[in-house]
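Chains, contacts and geometry: an overview
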Amino acid sequence: MYALNLLPEQSDNVSALSRWLTPVLTIVACLYLPAMGYATPVLKAGLDTDTVTEAVALRDAAVRGTQAFHWVEKLTTEVGPRLAGSDAEASAREWAVKELTDFGFDRVWVESFPLPGWERGLETGYVISPYPQPLTLTSLGGSVATPDEGVEGEVAIFTSLQALEAAAPGSLEGKIAYVGHAMRSTQGGSHYGYFGRLRREGASIAASKGAKALLIRSIGTDSHRMPHTGSMRYDPDQPRIPAAALSNPDADQLERIAARGKMARVRLLLTPRFLGEVMSGNVIADIRGAVSPEEVVIIGGHLDSWDLGTGAIDDGAGVGITMEVARQLLALEKRPRRTIRLILWGAEEVGLLGGKAYLESRSEELRKHVIGTESDFGAGRIWQVTSRVNDQAQPIVDLISQLVEPLGIAPGPVGVASSGPDLTPMVSAGMPAFRFVQDGRDYFDLHHTPDDTLDKISAEDLDQNVAAYLVFTWLAANTKINDWGWPSTD
């Protein structure tokens, strides 16, 4: 620091200059934060330097360790699998309400909604001929049962859903259809939506060709004898036939038999049952905003899981990550500008029912939901940010992206209408979108299988997720920008 020896008249001039320059420099500092290394205009993002500094401190503390793994461990140990509409899912809601109440939220409550109940039963498969051997398989969620004695028939092999669709009506009469696919592992999970249509629609397409049951190659990427379940739906204009997924090695086996020019004959016994109307619900907890409490920023994960594993990856991890984010923000003992809402969604796996119920109950206040995002792609590290916001909100997205860059997260494409599965109904209704994309290269090895268990999760990876979500949540809840891109109502 330099000392200036000035004449009195020079001193007066400098003093006047200082009085003029000080506020200018303050604005410049607020705009660009050069000392912190952020080029995005902070004021243009509707923020101040204190809020950005708090977000950075939260990020850096999270990297050093959080309790996210602790919450996943508690949920998967004390509740376990949480099939939508089951007693176990109800226990998970009770668990969540107790834990979140202890956090000190302003309000914790459950919004219940009905759904058709479904329960898995026995599930066995055998190759009767030409090479007798057992098959490892699992019923698809929502499948009807086989007759009590099972179902038996020759297997018609199709390499893809498109090949099945091209089969002539009636050509599969008395047969069991088997359909394979070429799904591959990708970082962003891009193959799932395309190949997942086989699981969702395959049974009705097979039924339209005359098949009496459907077997599919699991919609997954592993090489273990772990079949993948997942929800399906029936076309009301087609017969409802039983449907099951083979593990990938068992699918390989059927295809090898066919490659020998042999027609495999298979017997299946599946005994799922429908339970009538049952209940699920969303667990909701608010950190009430100090300035605009009616405006809402949503974070969360889904509380239900399939019943084969313990739902650690899908979606205990998302629950643990966002619970920990909320806990740390409560510990600040500083009110955000707008309300931060944690939602642990119910019945996601059977059709995004929690997200649909939430949307239906909020038609009058829908546009007060400024932005939201969900953690529901496992426990891997985040590597990319995607969004769909307007020009006014782009600076806040850019600033968030810059603040999470030290975590190994890069900006991704804009105009991507995704905030996570349960927010899909709201995004489809016009809500702006923001999402942290996790590394999902092993996600479909585990997803919907008995292998979805706690030992697959790294606490350090969860901490990186928490760090990113803290930045997003704190800045989104405190920016003065309240229109992120809802379409005009004119």
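Now for a quick tour of the structure. (Residues numbered from 1 in each chain as written. Predicted model: local features only at pLDDT ≥ 70, side-chain atom pairs only at ≥ 80, totals over all residues. Heavy atoms only, no water.)

1. Looking at the layout of surface pockets
- In this structure, the largest pocket occupies an estimated 1,300 Å³ of space.
- Every element with two or more residues in the lining of the largest pocket is listed here: strand 1 (107-119), helix 6 (191-208), strand 14 (382-388), helix 11 (424-428), strand 16 (433-438) and helix 12 (443-446).
- With four residues, the top contributor of residues to the lining of the largest pocket is helix 6.
- Tallied by class, the residues present in the lining of the largest pocket amount to 20 nonpolar, 18 polar and nine charged.
- Every residue along the wall of the second largest pocket is listed here: Asp106, Arg107, Trp109, Asp286, Arg288, Pro293, Glu294, Val296, Thr339, Arg341, Glu365 and Lys368.
- When residues of the lining of the second largest pocket are traced back to their parent elements, those giving at least two are strand 1, strand 11 (292-302) and strand 12 (338-345).
- For the lining of the second largest pocket, the element with the most residues is strand 11, which contributes three residues.
- Considered class by class, the residues forming the lining of the second largest pocket number three nonpolar, one polar and eight charged. (1 Å grid on protein atoms, 1.4 Å probe; cavity = no way out; pocket = protein on both sides within 12 Å on 5 of 7 lines; lining within 4 Å. Points joined across faces, edges and corners; volume = space filled by probe spheres on them. Helix = DSSP H or I, 4+ residues; strand = E, 2+ residues; numbered from the N terminus. Nonpolar A, V, L, I, M, F, W, Y, C, P; charged D, E, K, R; others polar.)

2. Thoughts on the pattern of salt bridges
- All told, the structure shown has 27 salt bridges when counted by the stated rule.
- Residue Asp102 is joined to Lys98 by a salt bridge in which the shortest nitrogen-to-oxygen separation is 3.5 Å. Placement of the pair is Asp102 and Lys98 together in helix 4 (residues 87-103), with a separation of four residues, close to one helical turn. Side by side, Asp102 and Lys98 carry an identical accessibility label, which is exposed.
- Asp106 is the partner of Arg335 in a salt bridge, and the nearest nitrogen-oxygen pair spans 2.5 Å. Of the two residues, Arg335 is situated in the loop between helix 8 (312-331) and strand 12 and Asp106 in the loop between helix 4 and strand 1; the sequence distance between them amounts to 229 residues.
- You can call Arg335 partly exposed: its relative accessible area is 43%. (Salt bridge = Lys/Arg side-chain N within 4 Å of Asp/Glu carboxyl O. Buried < 20%, exposed > 50% of the residue type's maximum accessible area, 1.4 Å probe, protein only.)

3. Some details on the side chain of His447
- By the element assignment, His447 lies in the loop between helix 12 and helix 13 (459-478).
- Among the polar contacts listed, one links the side chain of His447 to the side chain of His448, at a separation of 2.9 Å.
- Setting aside its immediate chain neighbours within four residues, His447 contacts Tyr192, Arg199, His228 and Asp314. (Polar contact = N/O pair within 3.5 Å; in protein donor to acceptor, adjacent residues only side chain to side chain. Contact = heavy atoms within 4.5 Å.)

4. Overview of the sheet that holds strand 12
- Read from one edge to the other, the open sheet built from five strands follows the order 1-10-12-11-13, with strand pairing classed as mixed. Only two strands of the sheet have a single neighbouring strand rather than two, namely strand 1 and strand 13 (369-372). Neighbouring strand axes in the sheet, compared pairwise and without regard to direction, differ in orientation by 25 degrees on average.
- Of the pairings in the sheet, the one linking strand 11 to strand 13 comprises three bridges and is parallel in character. From the neighbouring strand, Ile298 faces strand 13, where its bridge partner is Gly372.
- Sitting on the sheet, helix 4 touches strand 1, strand 10 (273-287) and strand 12, and the angle it makes with strand 10 is about 10 degrees. (Pairing = 2+ DSSP bridges. Axes fitted to C-alpha atoms, helices over the stretch in contact; angles between N-to-C directions.)

5. Some remarks on the packing of aromatic side chains
- Applying the stated criterion to the full structure yields 12 aromatic pairs.
- Geometrically, the ring pair formed by Phe436 and Tyr469 is edge-to-face, given 5.1 Å between the ring centres and 65 degrees between the ring planes. Within this pair, whereas Phe436 is found in strand 16, its partner Tyr469 is found in helix 13, the two being separated by 33 residues in sequence. Residues Phe436 and Tyr469 agree in their burial class; the two are buried.
- Grouped by ring-pair contacts, the aromatic residues Tyr192, Phe377, Tyr443 and Phe444 constitute a single cluster.
- One residue, Arg107, lies across the ring of Trp109, its end atom 3.9 Å from the ring centre.
- It is Arg240 that lies over the ring of Phe274; its NZ or CZ is 5.4 Å from the centre. (Phe/Tyr/Trp six-rings, centres within 6.5 Å; stacked < 30°, edge-to-face > 60°. Lys NZ or Arg CZ within 6 Å of the ring centre and 35° of its normal.)

6. Overview of the packing of helix 10 (residues 394-404) against helix 13
- Where helix 10 contacts helix 13, the two axes come as close as 9 Å, and the packing angle between them is 150 degrees. Considering the angle they form, helix 10 stands roughly antiparallel to helix 13. Crossing geometry of helix 10 relative to helix 13 is assigned as right-handed. Here Ile396, Leu399, Ile400, Leu403 and Val404 of helix 10 lie close against helix 13, whose contacting residues are Ala468, Val471, Phe472 and Leu475.
- The residue makeup of the contact of helix 10 with helix 13, split by class, is nine nonpolar, no polar and no charged. (Parallel < 35°, antiparallel > 145°, perpendicular 65-115°, else oblique. Left-handed = near helix turned anticlockwise from the far one by under 90°.)

7. A few points about the side chain of Ser375
- With respect to the secondary-structure elements, Ser375 resides in the loop between strand 13 and strand 14.
- Judged by its relative accessible area of 1%, Ser375 falls in the buried class.
- Filtering out sequence-adjacent residues up to four positions away, Ser375 remains in contact with Gly300, Gly301, Asp315, Gly318, Ile321, Thr322, Gln438 and Tyr469.

8. A look at the nonpolar core
- Residues Phe436 and Trp484 are the most contacted members of the largest nonpolar core, which totals 102 residues.
- The dominant element in this core, judged by the number of residues it contributes, is helix 13, at 12 residues.
- Beyond its immediate chain neighbours, meaning those up to four positions away, Trp484 contacts Val370, Ile371, Arg388, Val389, Asn390, Ala393, Ile396, Val397, Pro432, Ala476 and Thr479. (Core = buried A, V, L, I, M, F, W, Y, C linked by side-chain atoms within 4.5 Å.)

9. A closer look at the environment of Arg197
- Its place among the elements puts Arg197 in helix 6.
- Distance from Arg197 to Leu403, taken between C-alpha atoms, is 37 Å for residues 206 residues apart in sequence.

10. Notes on helix 2 (residues 49-63)
- Between the first and last C-alpha of helix 2 there are 21 Å, a value that for 15 residues agrees with the 21 Å anticipated at 1.5 Å per step.
- Every buried residue of helix 2 is accounted for by Thr51, Val52, Ala55, Val56, Leu58, Arg59 and Ala62. When helix 2 is viewed along its axis, its buried side chains cluster within an angular range of 160 degrees and face the same direction.
- Taken together, the buried residues of helix 2 touch helix 8, helix 10 and helix 13.
- Here helix 2 starts with a cap whose side-chain oxygen sits 3.1 Å from the backbone nitrogen of Asp50, and that cap is Asp48.
- Gly65 sits one or two residues past helix 2 and shows a positive phi near 140 degrees. (Expected span 1.5 Å × (residues − 1). Arc of directions from axis to C-beta.)

11. Some words on empty space enclosed by the protein
- Enumeration over the complete set of coordinates arrives at three cavities of 30 Å³ or more.
- There is about 40 Å³ of room inside the largest cavity.
- For the largest cavity, the full set of lining residues is Ser305, Trp306, Leu308, Gly309, Gly311, Asp314, His448, Thr449 and Asp452.
- Within the lining of the largest cavity, the residues separate by chemical class into two nonpolar, five polar and two charged.

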